[in-house]
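Observations on chain architecture
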Amino acid sequence: MKSAPLVLEIKGNSLDDGPGIRSVVFFKGCPLTCLWCHNPEGKKAAPEISFDPDVCVGCDTCMGICPEKALNRATPGFIDRSRCTLCFACVDDCPSGALDRVGRSMAVDEILAQLIRDKPFFKTSGGGVTLSGGEPMLFMDFVSHVLRALKSSGVHTLVETCGHFDFDRFESVILPFVDTVYIDIKLIDPDAHRLFCGISNHTILDNVARLADAAGKGNVDFLVRTPLVPGITATEDNLSGIVKFLVENRISRIQLMAYNPLWLGKNAKLGESHSLSGTDSLATWMPDQEINRCHAIFQNAGIEVVP
C-alpha cells in the first residue's frame, strides 16, 4: 500500500452525506480543478496553510516565529506563499487558530479508531461512514483497507466521487466493500468540462454508465449528483444534456445540489483567487425559484429528483 493520503477532516454527526447520522472522512487531493469547487482545500494532495483574518487576534506571535519572514500585515492574505516553506511553526504557536494546517497524515488504524466510536449512532439512525474529498478514489488501495474494515464491523459504507477513476481497479478493490456510491456529472459537454474542471468528462461518463450496469445487477446502490452552478452547470442546455444521458443509461433519479458561495471565503483563506469574475450570481445563494426551475427539467422527463 502506498503512503497514506492526507486527511482534511473527519466530521461526525453529518446529516448531509448519505442516509442517517454519518461520519465523513475528507481526503485531500482531486484530479479535477473545478473553478467553483466547494471544498477548494481538497484540490491539492499536498499540505497547505490557511489564514482566517476573522479569527486572528492581532498578537503577531507568528510573525516573530516564522524563520522565512513570510508573514506580514501588508501582504495580501497575510502570507507570502512564495517564501513560506510550510514548516508550520506559526500554526503550532498561533493562540487563536487563525493559522491552520490543511491536511494531516493518518494511518488506517487511526482513522478507524475515530470512526468506530460513532458506531452506536450509525446503528440507531441507519447511518454509517462516508468517504469524500477531494477525491478518495485517488487512493484506492488505502481506501480499500478502510472500507474492508468498516464492512467487517457491520458499518454502512458510502463513497462520494467525482467519477474520474480506473473502473477496473475500482471494481476489484472498492466495489465489493461499498454499499452506496455518489457520483457526479457536472457538465455534459466535454469541452465545457475541460474548460471549467480541467479535464474531459469522457472517463466520468463511461464510469457512470458502468456503475449503472453494476447497480442493475444488484452489486451496489448509486446516485448521480449534479451541482447547480449559476451560468455554468445550471443552464438549460447542460441539464437537458444530462437528462438525455440519464435516460439513455436507464438512470431514473438524480440529486441536484443547490449552489452556495462559501467556497469564495475558503479560497481567500488559502491565498487563492478565481477566474470567474463578472458573475455576481456566484457571490450569493441560489434562489428557490432557480432551484425549482432546474428540478423541473428532470421531473418533466420522468427523472426523480431526490433530496
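Residues numbered from 1 in each chain as written. Predicted model: local features only at pLDDT ≥ 70, side-chain atom pairs only at ≥ 80, totals over all residues. Heavy atoms only, no water.

Turning our attention to the nonpolar core. By size, the foremost hydrophobic cluster in this structure holds 73 residues, and its most contacted members are Phe170, Leu246 and Phe298. Apart from the residues within four sequence positions on either side, leucine 246 is in contact with Ile185, Val224, Ile251, Ile254, Phe298 and Ile303. Core analysis: the next-biggest nonpolar cluster, separate from the first, contains 14 residues, Ala70, Leu71, Val91 and Ala98 among them. (Core = buried A, V, L, I, M, F, W, Y, C linked by side-chain atoms within 4.5 Å. Buried < 20%, exposed > 50% of the residue type's maximum accessible area, 1.4 Å probe, protein only. Contact = heavy atoms within 4.5 Å.)

You can see aspartate 166 is positioned in the loop between strand E7 (156–161) and helix H6 (167–173). Separated by 3.0 Å, the side chain of aspartate 166 and the backbone nitrogen of aspartate 168 make a polar contact. (Helix = DSSP H or I, 4+ residues; strand = E, 2+ residues; numbered from the N terminus. Polar contact = N/O pair within 3.5 Å; in protein donor to acceptor, adjacent residues only side chain to side chain.)

What follows is about the side chain of glutamate 160. Its location among the elements puts glutamate 160 in strand E7. A distance of 3.4 Å separates the side chain of glutamate 160 from the side chain of arginine 225, its partner in a polar contact. Apart from the residues within four sequence positions on either side, glutamate 160 is in contact with Asp17, Thr130, Leu131, Ser132, Glu135, Pro136, Tyr182 and Arg225.

What follows covers the packing of aromatic side chains. Taken as a whole and judged by the stated rule, the model has six aromatic pairs. Look at phenylalanine 27 and phenylalanine 139: their rings are 6.3 Å apart centre to centre, the planes differ by 45°, and that puts the pair in the tilted class. Here phenylalanine 27, found in strand E2 (residues 22–27), pairs with phenylalanine 139, found in the loop between strand E6 (128–132) and helix H5 (140–152); they are 112 residues apart in sequence, far enough to count as distant. When the ring of phenylalanine 165 is compared with that of phenylalanine 167, the centres are 6.3 Å apart and the planes differ by 20°; the resulting orientation is stacked. Between the NZ or CZ atom of arginine 101 and the centre of the ring of phenylalanine 88, over which it lies, the distance is 4.0 Å. (Phe/Tyr/Trp six-rings, centres within 6.5 Å; stacked < 30°, edge-to-face > 60°. Lys NZ or Arg CZ within 6 Å of the ring centre and 35° of its normal.)

Before going further, it helps to spend a moment on the pattern of salt bridges. Counted by the stated rule, this structure contains 20 salt bridges. When the shortest N-O distance is used, the salt bridge between aspartate 179 and lysine 151 registers 2.8 Å. Of this pair, aspartate 179 sits in the loop between H6 and strand E8 (180–184) while lysine 151 sits in helix H5; the two residues are 28 residues apart in sequence, bridging distant segments of the chain. Residue classification places lysine 151 among the partly exposed positions, given a relative accessible area of 31%. Where salt bridges share partners, they join Lys28, Lys44, Glu48 and Glu272 into one cluster. (Salt bridge = Lys/Arg side-chain N within 4 Å of Asp/Glu carboxyl O.)

This paragraph deals with the pairing of strand E10 (residues 253–257). Sheet analysis places strand E9 (residues 221–227) next to E10, joined by four bridges and oriented parallel. Note on E10: the bridge partner recorded for arginine 225 is glutamine 255. In this view, the connection linking E9 to its parallel neighbour E10 by way of helix H9 (residues 236–248) has right-handed handedness. The sheet contact formed by E10 and strand E11 (residues 304–305) spans two bridges and is parallel. Within E11, the position partnered with arginine 253 by the bridge is glutamate 304. (Pairing = 2+ DSSP bridges. Right-handed = clockwise from strand over helix to strand, strands pointing away.)

Moving on, we get to the packing of helix H3 (residues 108–116) against H5. For the pair H3 and H5, the least separation of the axes is 10 Å and the interaxial angle reads 40°. Every pair of crossing elements has a handedness; the one defined by H3 and H5 is right-handed. Contact residues: Val108, Ile111, Leu112, Leu115 and Ile116 in H3; Phe142, His145, Val146, Ala149 and Leu150 in H5. Across the contact of H3 with H5, the residue classes tally to nine nonpolar, one polar and no charged. (Axes fitted to C-alpha atoms, helices over the stretch in contact; angles between N-to-C directions. Left-handed = near helix turned anticlockwise from the far one by under 90°. Nonpolar A, V, L, I, M, F, W, Y, C, P; charged D, E, K, R; others polar.)

Looking now at the packing of H9 against helix H11 (residues 288–299). One can describe the packing of H9 onto H11 by two numbers: an axis separation of 9 Å at closest approach and a directional angle of 30°. Of the possible angle classes, the one that applies to H9 and H11 is roughly parallel. Here H9 and H11 pass one another in a crossing that is right-handed. Here Glu236, Leu239, Ser240, Ile242, Val243 and Leu246 of H9 come into contact with H11, specifically with Arg293, Cys294, Ile297 and Phe298. Of the residues that constitute the contact of H9 with H11, the class distribution is seven nonpolar, one polar and two charged. (Parallel < 35°, antiparallel > 145°, perpendicular 65-115°, else oblique.)

That bond from glycine 133 to glycine 134 is cis: its omega, 15°, falls within 30 degrees of zero. Within the element layout of this structure, glycine 134 appears in the loop between E6 and H5. The backbone of lysine 69 shows a phi angle near 55°, a positive value even though the residue is not glycine. On the secondary structure map, lysine 69 appears in the loop between helix H1 (61–65) and helix H2 (89–93). A positive phi is found at phenylalanine 88, a non-glycine position, where the angle reads about 65°. For phenylalanine 88, the location among the structural elements is in the loop between H1 and H2.

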